[in-house]
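In case you want the letters, here they are:
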Amino acid sequence: MNDRVVVGYSLSQRFLHWATVLLVLFNLLLPDGMNAWYRIVRRGGMPSPEQIASANIHAYVGIAILLVTIIRLGLRFVQGVPSEAADEPATLRLAARLVHASLYLLLLALPVSGIATYYFGVDAAGSLHADVLKLILWIVIAAHVLGALAHQFYWKTDVLRRMTVG
Ligand code: HEM
Ligand code: HEM
């Protein structure tokens, strides 16, 4: 990361944050096509072309999330990120850091475990993906959103601004 003081997220960082939100919510809320494909294949059945197409949508959206996450980590490294609000308790600043790191890890681990299941037939990766990581992602997203609202409205540090209008 470079030494200059970073005052906000760049336009590309902001754009990719909200693109990630849309893609992640799509895969979290609409995985039924992929689930149906997986059930049929595990029982040795033959999915229809429509079932394969809707499973592919989940896979491609997930792969897009993986690529966007790698680009975001690259941008973070090159462009830096704004520092946490100095007037908040150190524990909250640490919590925000941990939540962001967990989000990045999950956005790498979910697609990787999905790819291992879908393209390489690793069933153990399937239960990690669909039972464990999915649940942890929901919990961390809830913490992230509540955290963002607490920063914004309780601590009155304008964090939403730096991830929206900049
Ligand atoms: C799928 C849901 C979401 C994911 C995966 C996600 C992911 C992330 C990640 C990884 C960061 C860290 C960026 C960095 O510093 O490199 C971040 C920052 C941020 N997110 Fe989200 N986010 C999500 C939803 C939301 C929502 C719904 C809001 C608004 C309430 C929000 C508001 C913010 C804000 C304000 C920051 C900047 C925090 C700061 O400046 O310290 N995010 N998000
Ligand atoms: C961040 C990206 C991803 C998210 C958030 C996500 C989310 C989900 C969710 C919510 C389910 C349903 C779990 C349930 O039964 O409740 C699921 C199932 C599944 N996903 Fe993903 N997914 C992602 C990426 C991928 C990718 C890239 C692939 C493959 C290329 C994939 C393959 C699968 C498979 C095979 C299942 C069925 C596994 C099983 O039921 O054991 N996913 N995913």
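A few points about the coordination of the iron atom of ligand 2
Here is step 1: Protein coordination of the iron atom of ligand 2 is provided by His-58 (NE2) and His-129 (NE2), with donor distances spanning 2.0 to 2.1 Å.
Here is step 2: Given six donor atoms and angles of 87 to 179° at the metal, the environment of the iron atom of ligand 2 is assigned as octahedral. Of this pair, His-58 sits in helix 3 (residues 49–79) while His-129 sits in helix 5 (residues 123–154), and the two are 71 residues apart along the sequence. With respect to burial, His-58 and His-129 carry one shared label: buried.

Here's the deal with the confidence of the model for the protein chain
Here is step 1: In the predicted model, the protein chain carries a mean pLDDT of 93, and the fraction of residues at 70 or more is 97%.
Here is step 2: No element of the protein chain has a lower mean pLDDT than helix 6 (residues 159–163), which averages 90, and none a higher one than helix 1 (residues 11–29), which averages 98.

What about the site of ligand 2?
Here is step 1: Every one of the 22 residues lining ligand 2 counts as a neighbour, but Tyr-38, His-58, Gly-114, His-129 and Lys-134 are closest to it.
Here is step 2: One of the backbone N or O atoms of Gly-126 is found 3.3 Å from an oxygen atom in ligand 2.
Here is step 3: In terms of residue count, the dominant contributor to the shell around ligand 2 is helix 4 (residues 90–118) (six residues).
Here is step 4: Across the shell around ligand 2, the residue classes tally to 13 nonpolar, eight polar and one charged.

Focus on the site of ligand 1
Here is step 1: By nearness alone, 19 residues border ligand 1, and His-17, Arg-76, Tyr-104, His-144 and Arg-162 come closest of all.
Here is step 2: Within the contact set of ligand 1, a nitrogen atom lies 2.8 Å away from a side-chain nitrogen or oxygen of His-17.
Here is step 3: Separating an oxygen atom of ligand 1 from a side-chain N or O atom of Tyr-104 is a distance of 2.6 Å.
Here is step 4: Those elements that place two or more of their residues in the shell around ligand 1 are helix 1, helix 3, helix 4, helix 5 and helix 6.
Here is step 5: Residue classes in the shell around ligand 1 are distributed as 13 nonpolar, three polar and three charged.

Regarding the packing of aromatic side chains
Here is step 1: The tally for this structure, following the rule as stated, stands at three aromatic pairs.
Here is step 2: For the pair Trp-37 and Tyr-118, a centre-to-centre distance of 4.5 Å together with 65° between the ring planes defines the contact as edge-to-face. Placement of Trp-37 in helix 2 (residues 32–42) and of Tyr-118 in helix 4 is noted, with a sequence separation of 81 residues between them. A single burial state applies to Trp-37 and to Tyr-118, both of which are buried.
Here is step 3: When the ring of Tyr-118 is compared with that of Tyr-119, the centres are 4.9 Å apart and the planes differ by 70°; the resulting orientation is edge-to-face.
Here is step 4: Overall, the relative accessible area of 14% leaves Tyr-118 in the buried class.

Definitions and limits used
Residues numbered from 1 in each chain as written. Chains lettered and ligands numbered in written order. Predicted model: local features only at pLDDT ≥ 70, side-chain atom pairs only at ≥ 80, totals over all residues. Heavy atoms only, no water. Donors = N, O, S within 2.8 Å, 3.2 Å for Na, K, Ca; no water. Tetrahedral: all angles 85-135°; square planar, octahedral: opposite > 155°, others 65-115°. Helix = DSSP H or I, 4+ residues; strand = E, 2+ residues; numbered from the N terminus. Buried < 20%, exposed > 50% of the residue type's maximum accessible area, 1.4 Å probe, protein only. pLDDT = per-residue confidence, 0-100. Near = heavy atom within 4 Å. Polar contact = N/O pair within 3.5 Å; in protein donor to acceptor, adjacent residues only side chain to side chain. Nonpolar A, V, L, I, M, F, W, Y, C, P; charged D, E, K, R; others polar. Phe/Tyr/Trp six-rings, centres within 6.5 Å; stacked < 30°, edge-to-face > 60°.

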